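The residues making up each chain are set out below.
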Amino acid sequence: QVQLVESGGGLVQAGGSLRLSCAASVRTFTSYTLGWFRQAPGKERDFVAAISWSGGTAYIADSVKGRFTISRDNAKNTVYLQMNSLKPNDTAVYYCAAAWRGLGLKTDQYEYSYWGQGTQVTVSS
């Protein structure tokens, strides 16, 4: 069982930055690929980024490429999402999720077995 707790969301002006954190309660953090997804009001949950168990490979959605970076600290059982140059359409609830590492990097939310409760990010214009 994996428990995930996100933090770091908030209100920021357009052009600003936030760093989201997701702490995992699990014995074998390196058994999991970690991902970030987001869901804006009235919209589907969308893939944002994923990172392999070692941190050596990452995949970023085109919509945020060049602005967002995913990283993980396996010693701290934590995954991060650094968000720069934020835009109003980045406003959403951001979720972290974990998938068994044997599946590789996945963009499909249905491949992820464990989810955090989400953290709200609001970008004002």
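Predicted model only: the values in this text are computed from it and were never measured.

### Section: the overall build of the protein
Of regular secondary structure, the protein possesses zero helices and eleven strands. Reading the protein from its N terminus to its C terminus gives the helix and strand order β-β-β-β-β-β-β-β-β-β-β. Here the C-alpha atoms of the protein give a radius of gyration of 13 Å, agreeing with the 14 Å that 2.2 N^0.38 yields for 125 residues. When each of the 125 residues of the protein is scored for burial, the buried share is 45%. Seen as two clouds, the 12 positive and the 8 negative side-chain charges of the protein have centres 6 Å apart.

### Digging into the sheet that holds strand β7 (residues 68-73)
Strand order across the open sheet formed by four strands is β1-β3-β8-β7, with antiparallel pairing between neighbours. Whereas interior strands pair on both sides, the edge strands pair on one side only; in this sheet they are β1 (3-7) and β7. Averaged over all neighbouring strand pairs, the angle between strand axes comes to 15 degrees, with direction disregarded. Sheet topology places β7 next to strand β8 (residues 78-83); six bridges connect them, and they run antiparallel. Among the inter-strand pairings, F68 is bridged to a residue of β8, identified as M83.

### Some thoughts on the state of the cysteines
Counted by the stated rule, this structure contains one disulfide. Here C22 pairs with C96 through a disulfide, and the sulfurs are 1.9 Å apart. Of the two residues, C22 is situated in strand β3 (residues 18-25) and C96 in strand β9 (residues 92-100); the sequence distance between them amounts to 74 residues. The pair C22 / C96 is uniform in exposure class, with both members buried.

### Some thoughts on the packing of aromatic side chains
Enumeration over the complete set of coordinates arrives at eight aromatic pairs. Centre to centre, the rings of Y32 and W100 are 6.2 Å apart; their planes meet at 85 degrees, and the pair counts as edge-to-face. Here Y32 is found in strand β4 (residues 32-39), whereas its partner W100 is found in strand β9, with 68 residues between them in sequence. Taking the centre distance of 6.4 Å and the plane angle of 75 degrees together, the rings of Y95 and W115 count as edge-to-face. Here W115 lies in strand β10 (residues 114-115) and Y95 lies in strand β9, a separation of 20 residues in the sequence. Joined through ring pairs, the aromatic side chains of F37, F47, Y59, Y95, Y112 and W115 make up one cluster. In this structure, R45 is placed above the aromatic ring of W115, and the distance from its NZ or CZ to the ring centre is 4.5 Å.

Parameters at a glance
Residues numbered from 1 in each chain as written. Predicted model: local features only at pLDDT ≥ 70, side-chain atom pairs only at ≥ 80, totals over all residues. Heavy atoms only, no water. Helix = DSSP H or I, 4+ residues; strand = E, 2+ residues; numbered from the N terminus. Rg over C-alpha atoms; globule rule 2.2 N^0.38 Å. Buried < 20%, exposed > 50% of the residue type's maximum accessible area, 1.4 Å probe, protein only. Lys, Arg positive; Asp, Glu negative; His and termini not counted. Charge placed at Lys NZ, Arg CZ, Asp CG, Glu CD. Pairing = 2+ DSSP bridges. Axes fitted to C-alpha atoms, helices over the stretch in contact; angles between N-to-C directions. Disulfide = S-S within 2.5 Å. Phe/Tyr/Trp six-rings, centres within 6.5 Å; stacked < 30°, edge-to-face > 60°. Lys NZ or Arg CZ within 6 Å of the ring centre and 35° of its normal.

Without other data, these values stay purely geometric and don't point to any function.
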